[in-house]
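Residue-level listing of the chains:
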Amino acid sequence: MRGASSPDFTSPGLAVVAAYSPAAFTELLRTGVALGGRTLPVMGPRARENLSYLTDAEITALYGYLHATRW
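Computed from a predicted structure; not experimentally measured. (Residues numbered from 1 in each chain as written. Predicted model: local features only at pLDDT ≥ 70, side-chain atom pairs only at ≥ 80, totals over all residues. Heavy atoms only, no water.)

Asks: What is the right way to look at the environment of A34 in this model?
Replies: Note that A34 resides in the loop between α1 (22-31) and α2 (43-49). Counting along the chain gives 14 residues from A34 to Y20, while the straight-line C-alpha distance between them is 8.9 Å. Residues in contact with A34, not counting those within four places in the same chain, are Y20, L28 and L40. (Helix = DSSP H or I, 4+ residues; strand = E, 2+ residues; numbered from the N terminus. Contact = heavy atoms within 4.5 Å.)

Written out as structure tokens, the structure is:
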């Protein structure tokens, strides 16, 4: 949840979701496209292959959970 780093990959902490509107968060999970239209080489394929199957209700619940969590 707080992110991680290795020589091959760095993942941000999930607190970054605070910068996303619900619509932008949905786009991120469905397409892997981040704020500002940035393409994410690791997140993009994972989102399209896996997270794009989440329902709207599941994405809304995840967004709410991440916003309610104290980091």
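Asks: Can you walk me through the packing of α1 against helix α3 (residues 56-68) in this structure?
Replies: For any two helices packed against each other, one specifies the inter-axial angle together with the distance between the axes. Contact geometry for α1 and α3: axes closest at 10 Å, N-to-C directions at 115°. The handedness of the crossing between α1 and α3 comes out as right-handed. Seen from α1, the contacting residues are P22, F25, T26, L29 and R30; seen from α3, they are D56, I59, L62, Y63 and L66. Residue classes in the contact of α1 with α3 are distributed as seven nonpolar, one polar and two charged. (Axes fitted to C-alpha atoms, helices over the stretch in contact; angles between N-to-C directions. Left-handed = near helix turned anticlockwise from the far one by under 90°. Nonpolar A, V, L, I, M, F, W, Y, C, P; charged D, E, K, R; others polar.)

Asks: What am I meant to see in the nonpolar core here?
Replies: Soluble globular proteins tend to pack their nonpolar side chains together in the buried interior. Of all hydrophobic cores here, the largest spans 10 residues; its members are V17, Y20, A24, F25, L28, L29, A34, I59, Y63 and L66. Looking at this core, the elements with two or more residues in it are α1 and α3. With four residues, the top contributor of residues to this core is α1. (Core = buried A, V, L, I, M, F, W, Y, C linked by side-chain atoms within 4.5 Å. Buried < 20%, exposed > 50% of the residue type's maximum accessible area, 1.4 Å probe, protein only.)

Asks: How do you make sense of the pattern of salt bridges when you look at a structure like this?
Replies: Any two side chains of opposite charge can pair, given that their charged atoms come close. Overall, the coordinates contain one salt bridge when judged by the stated rule. One salt bridge connects R30 with D56, and the closest N-O pair in it is separated by 2.4 Å. Here D56 lies in helix α3 and R30 lies in helix α1, a separation of 26 residues in the sequence. For R30, a relative accessible area of 26% puts it in the partly exposed group. (Salt bridge = Lys/Arg side-chain N within 4 Å of Asp/Glu carboxyl O.)

Asks: Help me understand α3, please; the structure alone is not making it clear to me.
Replies: The periodicity of an α-helix, 3.6 residues per turn, causes residues three or four places apart in sequence to face the same way. Given a rise of 1.5 Å per residue, 13 residues ought to cover 18 Å, and the 18 Å separating the end C-alpha atoms of α3 matches this to within 8%. What α3 keeps buried is the set I59, Y63 and L66. All buried residues of α3 project into a common sector of 70° when viewed along the axis, lining one side. For α3, the exposed residues lying more than 90 degrees away from the buried face are A57, T60 and A68. Where the residues of α3 are buried, they touch α1. (Expected span 1.5 Å × (residues − 1). Arc of directions from axis to C-beta.)

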